[in-house]
Amino acid sequence: MNSELLAAIQTGRTWLDRFTRRGYPKAFPEYKARFAPAYGEAVLGTGGDEAALQALAEELLDGLAEGWKRQRIWNRAAVKVNEKQMMVDYLSPMLLGMEGTDCPRFVEVLRDCWEARWPKDPYFIVSYDRLAGGFRNSILGIDLANKHLDPENDR
């Protein structure tokens with residue numbers, strides 16, 4: 001397994017800390033610049049073959065599961081949650097945005113393989129624009145939906 005592919009998911013703490021209304025639009029392009037070439041090359045190597053895409057997804061999930069086994073038992077669930085969050089917040093939107101390649105198909109295969117392994121713990125894939133546009137503009141839980149305090153950063 002290519003360690004760079006796993007690193008896109010397993011280095012989550014760095015990226016998840018930046019998953020905020022103001023941090024995400026800056027963090028996502030950095031994430032994409034670092035990991036998109038590796039995924040593009042890996043998916044290109046499959047030649048678009050469905051069985052090869054599934055084999056790549058299974059190999060990636062095997063690597064994640066091995067990483068969870070190496071964790072202390074009391075930390076495994078937290079690591080799994082963080083890595084699943086990375087797949088939802090960063091990996092899936094990046095792959096969906098790589099149009100003209102087989103990456104959008106690969107992200108669907110990866111999601112389906114995850115759900116086949118862990119049927120009680122599925123996840124959904126959405127585009128970067130949908131995620132970035134979904135942050136609420138609020139202070140202490142008070143919604144400031146129509147209060148554009150910083151028009152450049154407030155959507």
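Not measured: the values here are computed from a predicted model.

Draft legend 1. Layout of the overall build of the protein. Counting secondary structure elements, the protein contains seven helices and two strands. The linear arrangement of helices and strands in the protein, starting from the amino end, is α-α-α-α-α-α-α-β-β. For the protein, long-range pairs separated by at least 24 residues make up 71% of all intrachain contacts whose partners lie at least 6 apart in sequence. Per element, the accessible surface of the protein, about 9000 Å² overall, is 52% carbon and sulfur.

Draft legend 2. Seen up close, helix H4 (residues 50-69). In this model, H4 (20 residues) spans 29 Å end to end at C-alpha, consistent with the 28 Å of a helix rising 1.5 Å per residue. All buried positions along H4 are accounted for by Leu-53, Leu-56, Ala-57, Leu-60, Leu-61, Gly-63, Leu-64, Ala-65, Gly-67 and Trp-68. If you follow the buried residues of H4, they end up packed against helix H1 (3-10), helix H3 (24-44), helix H5 (76-96) and helix H6 (103-117).

Draft legend 3. Spatial organisation of the side chain of Thr-46. With respect to the secondary-structure elements, Thr-46 resides in the loop between H3 and H4. For Thr-46, a relative accessible area of 12% corresponds to the buried category. Sequence-distant contacts of Thr-46, that is, excluding residues within four places in its chain, are made with Ala-52, Leu-53 and Leu-56.

Draft legend 4. Molecular detail of the packing of H1 against H3. At a minimum axis distance of 9 Å, the contact between H1 and H3 shows a crossing angle of 140°. As summarised for this structure, H1 and H3 are arranged oblique, according to the angle between their axes. In the crossing of H1 with H3, the sense of the turn from one axis to the other is left-handed. Of H3, the residues touching H1 (which contributes Glu-4, Leu-5, Ala-7, Ala-8 and Ile-9) are Tyr-31, Arg-34, Phe-35, Ala-38, Tyr-39 and Ala-42. Its residues assigned to classes, the contact of H1 with H3 shows nine nonpolar, no polar and two charged.

Draft legend 5. The environment of Asp-121, seen in detail. Within the secondary structure, Asp-121 sits in the loop between H6 and helix H7 (128-132). Considering only alpha carbons, one finds Asp-121 and Val-81, 40 residues apart in sequence, at a separation of 9.8 Å. In contact with Asp-121, other than residues within four places in its own chain, are Lys-80, Lys-84 and Trp-114. Among the polar contacts listed, one links the side chain of Asp-121 to the side chain of Lys-84, at a separation of 2.4 Å.

Draft legend 6. The environment of Arg-18, seen in detail. You can see Arg-18 is positioned in the loop between helix H2 (12-16) and H3. Discounting residues that sit within four places of it in the chain, Arg-18 has contacts with Gly-23, Tyr-24, Lys-26, Ala-27, Glu-30 and Tyr-90.

Draft legend 7. Molecular detail of H1. Three or more residues of H1 are buried, namely Leu-5, Leu-6, Ala-7, Ala-8 and Ile-9. For H1, the secondary structure elements touched by its buried residues are H2, H3, H4 and H5.

Draft legend 8. Molecular detail of the nonpolar core. Tyr-31, Tyr-39, Leu-91, Met-94, Leu-95, Phe-106 and Leu-110 are the most contacted members of the largest nonpolar core, which has 47 residues in total. Secondary-structure elements contributing two or more residues to this core are H1, H2, H3, H4, H5, H6 and H7. In terms of residue count, the dominant contributor to this core is H3 (10 residues). Each residue touching Tyr-39, except ones within four places of it in the same chain, is listed here: Leu-5, Ala-8, Ile-9, Leu-60, Leu-91, Met-94, Leu-95, Cys-103 and Phe-106.

Rules and cut-offs
- Residues numbered from 1 in each chain as written.
- Predicted model: local features only at pLDDT ≥ 70, side-chain atom pairs only at ≥ 80, totals over all residues.
- Heavy atoms only, no water.
- Helix = DSSP H or I, 4+ residues; strand = E, 2+ residues; numbered from the N terminus.
- Contact = heavy atoms within 4.5 Å.
- Areas by Shrake-Rupley, 256 points an atom, 1.4 Å probe, with all protein chains shown as cover.
- Expected span 1.5 Å × (residues − 1).
- Buried < 20%, exposed > 50% of the residue type's maximum accessible area, 1.4 Å probe, protein only.
- Axes fitted to C-alpha atoms, helices over the stretch in contact; angles between N-to-C directions.
- Parallel < 35°, antiparallel > 145°, perpendicular 65-115°, else oblique.
- Left-handed = near helix turned anticlockwise from the far one by under 90°.
- Nonpolar A, V, L, I, M, F, W, Y, C, P; charged D, E, K, R; others polar.
- Polar contact = N/O pair within 3.5 Å; in protein donor to acceptor, adjacent residues only side chain to side chain.
- Core = buried A, V, L, I, M, F, W, Y, C linked by side-chain atoms within 4.5 Å.

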